[in-house]
Structure formats: C-alpha cells, structure tokens
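Understanding the architecture of this molecule
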Amino acid sequence: MSTSQDDRIGAVFSALADPTRRHVVVRMAQGGPLTASQLASHLPVSRQAVVKHLQALGQAGLVSAERRGREVQYRLDPAPLAGARSWMDAIGARWDSRLEALRRHVSSK
Amino acid sequence: MSTDTVRREVVLPATPDEVWEAITLPEALRDWFGAEVDWDVQPGAPGQFRVDDGTVREARVAQVDPGHHLAFTWWPEGREGEASRVDYDLEEVEWGTRLVVTETQARASGLAMASVAMASVAAWDVRLLWLSLRAGALVPA
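Keep in mind it's a predicted model, so treat the numbers as computed, not measured. Note on numbering: residues in each chain are counted from 1, in written sequence order. Written order decides the labels, with chains lettered from A and ligands numbered from 1. Predicted model: local features are reported for residues with pLDDT of at least 70 only, side-chain atom pairs are reported and counted for 80 or more only, and whole-chain, interface and lining totals are derived from all residues.

**Regarding the sheet that holds strand β2 (residues 63-68) of chain A**
Residue and element names in this part refer to chain A. Rules: One bridge is not enough; two strands pair if DSSP finds at least two bridges between them. Numbering of helices and strands runs from the N terminus, with a helix taken as a DSSP run of H or I at least four residues long and a strand as a DSSP run of E at least two residues long. Once C-beta atoms are placed from the backbone, any two residues with those atoms within 7 Å are in contact. A fitted line through C-alpha atoms represents every axis, and for helices the fit uses only the stretch in contact; the resulting angles, taken between N-to-C directions, go from 0 to 180 degrees.
Read across the open sheet, the 3 strands follow the order β1-β3-β2; overall the sheet is antiparallel. Here the strands that pair on one side only, and so sit at the sheet edges, are β1 (34-35) and β2. Relative to strand β3 (residues 71-76), β1 is paired through 2 bridges, and the arrangement is antiparallel. By the bridge assignment, threonine 35 is partnered in β3 with glutamine 73. The sheet contacts of helix α4 (residues 47-59) involve β2 and β3, and relative to β2 the element is tilted by about 120°.

This is the structure we're talking about:
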C-alpha cells in the first residue's frame, strides 16, 4: 500500500471518528444531496456546527459542495470509504490464507 | 479496538508449545507464512521478512511470552511510518490451541493525530456505514 493511499485512508478514519459526522454521512446516504440547514434540522447541533463537520468530511473527500442559487448543497461521495474498507479486507484476507496454511502446517506434524 | 484493526481467531490441533514454534521458528514460518524470516525472538530485537511476493518487510519484536503471547511491529522496507503491529495470543483449549491474531495500524508518523481520533471508532461502525450506503444504492453490492 502506498504512502499517499495510506494517508487518504487515515483522513477518512479521522473524519469518521466523530459520531456526529458519522450521523451526517448516514443521513446523506438516505436523503441524497442536502443543505446544511436540512441536515441540522435532523441533528441536535447548530447549522454552523454542521457546516464545520461538512468541511471536515470534505477534506477527507467524503463530501462535495455545490452551489445552487443561494443555497449550497452537499453531496456524499462514498468512494474514499471503499478505500478504508479495502485496507481491512486486504489485511484480513491475507491472514485468512496464512492461518489456513498454518492449520495445514500443524496438522501435518 | 480502532477501525484499523483486523482480528482473526482459529483453533489449531496442536499444543501451545507447538503453535509457538510454528509462529517463531524460521523453518516453520517458511512453510506456512510464505516468508523467509530472520529474527531473534527477543523484545526489542530487529527482524526481517522476505515475503514470497518479492517484498521485504522490516520488523521489531515487541513482546515475548513463550507459549502465550508474541507481538511485533513490521513495515515495508524503509517506510517505518506505515508500521502495523501484529499480536498473537495463544490459549490452550480442549481440542488444541486457540490462536487469536490481531493486526493494527500503528500510524506513528504524520497520522499520529488521526490515530488518536480513530481509537474511538469501532470496526463495526465502518461496516454499518458501508451497509447504510449500500442500502442507499450509493455503492455497489
């Protein structure tokens, strides 16, 4: 795994470490593009706080902003999350095959 | 457990001492791990894994409790900032030995702050997020 890919995955995990941000991501997954006000109406935090969370998610590449007239709509981009998941899947798959080989190794003794 | 921890558990038909030999002795590791391992299993000792796919990983032994626990960190040659930690926990059970393996990203370098934040995220949180994204048809099944 390259350093830059590792850094991107680290940024995703960091962005998702906050429960409110995870809530925002799930809400966007269910509701499509939303404004900060619409998101804030579903969460126990202010619109300003939601905007800060959206910026953090944006820095991780999970959210993009689009201006529509006087409103800014935020859209979810789940691709970086797939990268975070694939790290665990790749490491896990390696251990699955190693441990199967270890089972064969000790069984043949 | 942080998001970037992988955990696997297996019960092996062998004694803890036999499993300990399998996870520490180079000739055993050559057979099942798929690597030429050069190390001295002592806390703090350096080591090297020449993996069958041609890559080389450097390692450092962290904790040694023969028959019970072995921990080491390893990283792609020259990139210690990408180190991850491997822990083997052995426990004698009725049918042999339960071996639990965890591998955790240490993220010692530029991601130190992120790793503090990550410690509060359970692995299943990312899985749940993934499932809700899939339910919203945002990612392919």
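Having put the structure on the table, let's press on.
**Structural notes on the nonpolar core**
How we decide: We call a set of buried Ala, Val, Leu, Ile, Met, Phe, Trp, Tyr and Cys residues a nonpolar core when their C-beta atoms link them within 7 Å. Each residue is classed by its C-beta neighbour count within 10 Å, where at least 20 other C-beta atoms makes it buried, 12 or fewer makes it exposed, and intermediate counts make it partly exposed; the C-beta atoms are placed from backbone geometry.
Core analysis: the biggest nonpolar cluster contains 23 residues, and A:Val12, A:Leu57 and A:Leu62 have the highest contact counts within it. When contributions to this core are tallied by element, the ones reaching two or more residues are α1 (3-16), α2 (19-31), α3 (36-41), α4 and β3 of chain A. Ranked by size, the runner-up nonpolar core spans 19 residues in total, among them B:Ala28, B:Leu70, B:Phe72 and B:Leu90.

**Some thoughts on the pairing of strand β7 (residues 96-105) of chain B**
Residue and element names in this part refer to chain B. Bridge analysis of strand β1 (residues 5-12) against β7 gives 8 bridges, and the strand direction is antiparallel. Bridging across to β7, valine 6 finds its partner in glutamate 103. As judged from the 10 bridges shared by strand β6 (residues 84-93) and β7, these two strands associate in the antiparallel manner. Of the residues in β7, the one forming a bridge with aspartate 89 is valine 100. The turn joining β6 and β7, which pair antiparallel and follow one another in sequence, is formed by 2 residues.

**A closer look at α4(A)**
Residues and elements named next belong to chain A. Here is the rule we go by: By this rule the span expected of a helix is its residue count minus one, scaled by 1.5 Å. Note: the arc covers the axis-to-C-beta directions of the helix.
Over its 13 residues, α4 extends 19 Å from the first C-alpha to the last, a length consistent with the 18 Å expected when each residue adds 1.5 Å. By the burial criterion, the buried members of α4 are Val50, His53, Leu54, Ala56 and Leu57. Looking down the long axis of α4, one finds its buried residues gathered within 160° of arc, a one-sided arrangement. In α4, the exposed residues that point more than 90 degrees away from the buried face are Gln48 and Gln59. Of the residues one or two after α4, glycine 61 is the one with positive phi, at around 80°.

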